[in-house]
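Chain by chain, the residues run as shown.
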Amino acid sequence: MTGMTCASCAGRVEKALAKVPGVLSASVNLATETADVGTDGSVSAAAITTAVEGAGYGVAIEEVSMAILGMTCASCVGRVEKALAKVPGVQSASVNLATETASVRVTAGTPREALVQAVATAGYEVAPEAAPTAAGTAPTPPPAQVAAHDRERRHLILAALLSLPLAVPMLGMPFDQHWALPGWWQLVLATPVQFWLGARFYRAAWKALKARAGNMDVLVALGTSAGYGLSLYHLLFTKPHHGEPPLYFEASAVIITLILMGKWLEARAKRQTTEAIRALQALRPATARVRHANGHEQEVPVASVVVGDHVVVRPGERFPVDGDVIEGRSHSDESLVSGESLPVAKEPGDRVTGGAVNAEGRLVVRTTAVGAESALARIIRLVEDAQAKKAPIQRIVDRVSAVFVPVVVVIALATLLAWGLASGDWTQAVLNAVAVLVIACPCALGLATPTAIMAGTGVAARAGILIKDAEALETTRALRTVAFDKTGTLTAGRPRVVAVEALDAGPDAVLSEAAALQSGSEHPLARAVLDAAGEAKLAVAPATGIAAIPGRGIEGRIAGRRHLLGSGRLMQEHGIRTAPLDAAAQRLAAQGRTVSWLAADTGAGFALRGLLAFGDPPRAEATEAIAALHAMGLRTVMVSGDNRGAANAIASALGIAPEDVMAEVLPGEKAEVIRGLAHEGRVAMVGDGINDAPALAAADVGFAMGSGTDVAMHAAGVTLMRPDPRLVADAIDISRRTTRKIHQNLFWAFIYNLVGIPLAAAGLLNPVVAGAAMALSSVSVVSNTLLLRRWSPRARH
């Protein structure tokens, strides 16, 4: 527990726990900060947690991830979740069929063995924990998993070879050709398919029945066993007047083969949905070249690099760590990390991200983050978390899946009895019941949502869009309003010289003299002056005696003459007349520009030389971003702390309506503005993820635009890995497309069963056709999902 400081705290917690119905005893140890609670077995961990939190303290929570073996359909998911939820200490459990993993939130100290035992009791297994790999490197699949994939392929090939002689005669029947093999030959071919290659269905069905539950394997085992058993009965005990007795070995064998094929195709497709994660994991090299203090370079494992080490990166190599460039100049290809398609120039002082590719120059990088703290590791964690969590719509599917198998078994029994009693043809009754059992497919229901989320979040991550969880993904599609912070989001966040006004001298002379005074300064306005002079290729004379005048500006001597550069107040204090340029200054100020005045000593006093106006121009991509959002039917709002003139000028340039500009908003008030906009529908806030954190948290979906800082990732539902506002429209687009895929997948999953089961019960479906439909339902759902991989963002250069 957390928050306890003294003995009275322990007493308060004990009293709170004692009041929980079902708690027999409670003892709190202050030294170890643990509570020993005795119950009658009816108390959940959540109730104990609520009691502790109600007393004003906290319960330490851990998240455990486990790979689950043996799950085949959505019914399995529900069974594993229920089994885990019953373990003392479990707060919540979420199982993902597509990734075959369980994410369990437990109170600290809950033994993993208890979770493993609960999964085993439910009829499944927990895969051994994978051996740790070098941070960020692609993990090698465990040998058991590789062997399982190879075995599935071999079994499918063998099943197809054995079933083919049984299935070919079916092709001749429409042409009145009887190519059927003798009955005993059919038995020899069908038996290994049924009981060896199809043994996985019996094993899984037995485990499910032992746990008093049902799943897809129960349906397959029942259906194919009925077809095989009926055929064996006819072969042994039915004596036809001529020819062979009616046999259906081909039905049971072909059904098993088709389902094995469906499972194999499904597994291949599921692996493709995780391609984005594997691509990210493969980005970081396993080794790094560390330069020691004596200049010696040594290649070492990435895991042994520590913060502060100097790492040498040669042309064409990937950066093994996050760091700052201290030597060299080059370009960095960050397309696979941030989605930035153009190489980014790097020079001393610039930051580089592990996983990006160094282009043409040799760089020396001072390490700032390694292992789990690196940007790439955080990106991978965020994408994995998003893919592991369930979308809200999945709850409906879970409720349907919980009763699916028992309902199908009841329908199959009803079909058997209805046909048998009504027609007296029990052979046909059994075949119709078999068709009902094998057409039913809870697998597609279980795969419909998670595969779409995995594919959607994967392609989004490849484009530099990190979606925090499935709920954010589903909420983003329903947005009505997108509110933007101005500075650093819609604008570059770096002032530039936008106007130069001169009196006697020309604008170039004013700019050159201002640059001379600002040389050597790192102030943002100084950098803007120097950049403007550099772009104009002006000769800048050296200045001497440069001194800052706090709160006013700067002074110095150029060619022996004293110059002043600064605010209007500085001009007033030195008695310098600004009237000749006051009108221009007022016009520029009305546009939100910052004005600096330049004056020079003429020998008879200071005289005005001119002024420079600074502005923060819109990003080159911002106009396109706003237009894209308007085309999607969304309202765009600008929320800014700047004056009304500056905000309106930027909004007008970008195409944002004047009534949608909210200026002079203090940082603490932005969250209230967002809450006010929420009355008109779901609202998103786009900011830099640091000073806009309260507003990002207040929005239905927060978009943190920047480089994926910790603050951004925690406060926002969506993190944009580069400062390109067009990514907002791309994030909404992929959210809409992914949600559309979920709905399409669920439609197909349900329609297979809603149409197929009644047709089978009515005797209109051959069991082999039913088996093919069952196999294809899962494959079609996953294949439909894979179409998302063709998505391409607008934010491409």
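Residues numbered from 1 in each chain as written. Predicted model: local features only at pLDDT ≥ 70, side-chain atom pairs only at ≥ 80, totals over all residues. Heavy atoms only, no water.

As recorded in an unreviewed UniProt entry, the chain goes by the name P-type Cu(2+) transporter, listed as coming from Arenimonas malthae CC-JY-1. Per UniProt, the chain has the following entry under Sequence similarities (unreviewed entry): "Belongs to the cation transport ATPase (P-type) (TC 3.A.3) family. Type IB subfamily." Regarding the chain, the relevant UniProt record gives this comment under Catalytic activity (unreviewed entry): "Cu(2+)(in) + ATP + H2O = Cu(2+)(out) + ADP + phosphate + H(+)". (UniProt positions renumbered as here; feature names shortened; annotations may be inferred.)

Draft legend 1. Geometry of the pairing of strand 8 (residues 297-301). Sheet topology places strand 7 (residues 287-291) next to strand 8; 5 bridges connect them, and they run antiparallel. Its bridge partner being in strand 8, Ala 288 is matched across the sheet by Val 300. The antiparallel hairpin formed by strand 7 and strand 8 contains 5 residues in its connecting segment, where Gly 295 sits at a positive phi of about 90°. (Pairing = 2+ DSSP bridges. Helix = DSSP H or I, 4+ residues; strand = E, 2+ residues; numbered from the N terminus.)

Draft legend 2. Representation of the UniProt feature "transmembrane region" (unreviewed entry) in the chain. Under the local residue numbering, the UniProt record ascribes the feature "transmembrane region" (unreviewed entry) to residues 155-172, 184-202, 214-235, 247-265, 400-422, 428-448, 746-765 and 771-788. Between the C-alpha atoms that bound residues 214-235 there is a distance of 31 Å. The span itself is 91% helix and 0% strand. In the segment residues 746-765, helix accounts for 80% and strand for 0%; the C-alpha atoms at its two ends are 23 Å apart.

Draft legend 3. View of a nonpolar patch on the surface. A surface patch of nonpolar side chains, amounting to about 410 Å² of accessible area, comprises Ile 157, Leu 158, Leu 161 and Trp 196. If one sorts the elements of the nonpolar patch by residue count, helix 5 (residues 143-172) sits on top with 3 residues. Turning to its location among the elements, Trp 196 is positioned in helix 6 (residues 183-197). Taking relative accessible area as the criterion, Trp 196 reaches 47% and is therefore assigned partly exposed. (Patch = residues over 30% accessible without salt bridge, like charges linked within 9 Å, V, L, I, M, F, W, Y side chains within 5 Å. Areas by Shrake-Rupley, 256 points an atom, 1.4 Å probe, with all protein chains shown as cover. Salt bridge = Lys/Arg side-chain N within 4 Å of Asp/Glu carboxyl O. Buried < 20%, exposed > 50% of the residue type's maximum accessible area, 1.4 Å probe, protein only.)

Draft legend 4. Representation of the sheet that holds strand 5 (residues 101-107) in the model. Here 4 strands make up an open sheet; going across it, the order is 4-5-3-6 and the pairing antiparallel. At either end of the open sheet lies a strand with only one pairing partner, and these are strand 4 (90-96) and strand 6 (125-126). As judged from the 7 bridges shared by strand 3 (residues 61-69) and strand 5, these two strands associate in the antiparallel manner. If you follow Met 66 over to strand 5, its bridge partner there is Ala 102. Docked against the sheet, helix 4 (residues 112-121) engages strand 3, strand 4, strand 5 and strand 6, running at close to 35° with respect to strand 3. (Contact = heavy atoms within 4.5 Å. Axes fitted to C-alpha atoms, helices over the stretch in contact; angles between N-to-C directions.)

Draft legend 5. Examining the side chain of Asp 660 more closely. Looking at the secondary structure, you find Asp 660 in the loop between helix 23 (644-654) and strand 25 (661-662). Of note is the side chain of Asp 660, whose polar atom sits 2.8 Å from the side chain of Arg 635. Look past the residues within four positions of Asp 660 in its chain and what remains in contact with it is Arg 635, Thr 636, Val 637 and Met 638. (Polar contact = N/O pair within 3.5 Å; in protein donor to acceptor, adjacent residues only side chain to side chain.)

Draft legend 6. Representation of the packing of helix 8 (residues 216-237) against helix 14 (residues 426-439) in the model. Orientation of helix 8 relative to helix 14, taken along the N-to-C sense of each, is 155°, at an axis distance of 8 Å. Classified by the angle their axes make, helix 8 and helix 14 are roughly antiparallel. When you trace helix 8 past helix 14, the crossing you get is left-handed. In this structure, helix 8 uses Leu 219, Leu 222, Gly 223, Ala 226, Gly 227, Leu 230 and His 234 to contact helix 14, whose residues at the interface are Thr 427, Val 430, Leu 431, Val 434, Leu 437 and Val 438. (Parallel < 35°, antiparallel > 145°, perpendicular 65-115°, else oblique. Left-handed = near helix turned anticlockwise from the far one by under 90°.)

Draft legend 7. Representation of the pairing of strand 23 (residues 606-615) in the model. Burial runs high along strand 23: 9 of the 10 residues are buried. With 6 bridges connecting them, strand 18 (residues 496-502) and strand 23 associate as antiparallel partners. Note that in strand 23 the partner of Glu 501 across the bridge is Leu 611. Pairing geometry for strand 22 (residues 594-601) and strand 23, over 8 bridges, is antiparallel. What sits directly across from Thr 594, in strand 23, is Phe 614. In this structure, the hairpin formed by strand 22 and strand 23 is closed by a connection of 4 residues, where Gly 603 is found at a positive phi of approximately 100°.

Draft legend 8. Spotlight on the sheet that holds strand 15 (residues 363-369). Strand order across the open sheet formed by 6 strands is 8-7-9-15-10-13, with antiparallel pairing between neighbours. Of all the strands in the sheet, just strand 8 and strand 13 (351-352) have a single pairing partner and so form its edges. As paired elements, strand 7 and strand 9 (residues 310-313) share 3 bridges and run antiparallel to each other. Bridging from a neighbouring strand, Val 290 pairs with Val 311 of strand 9.

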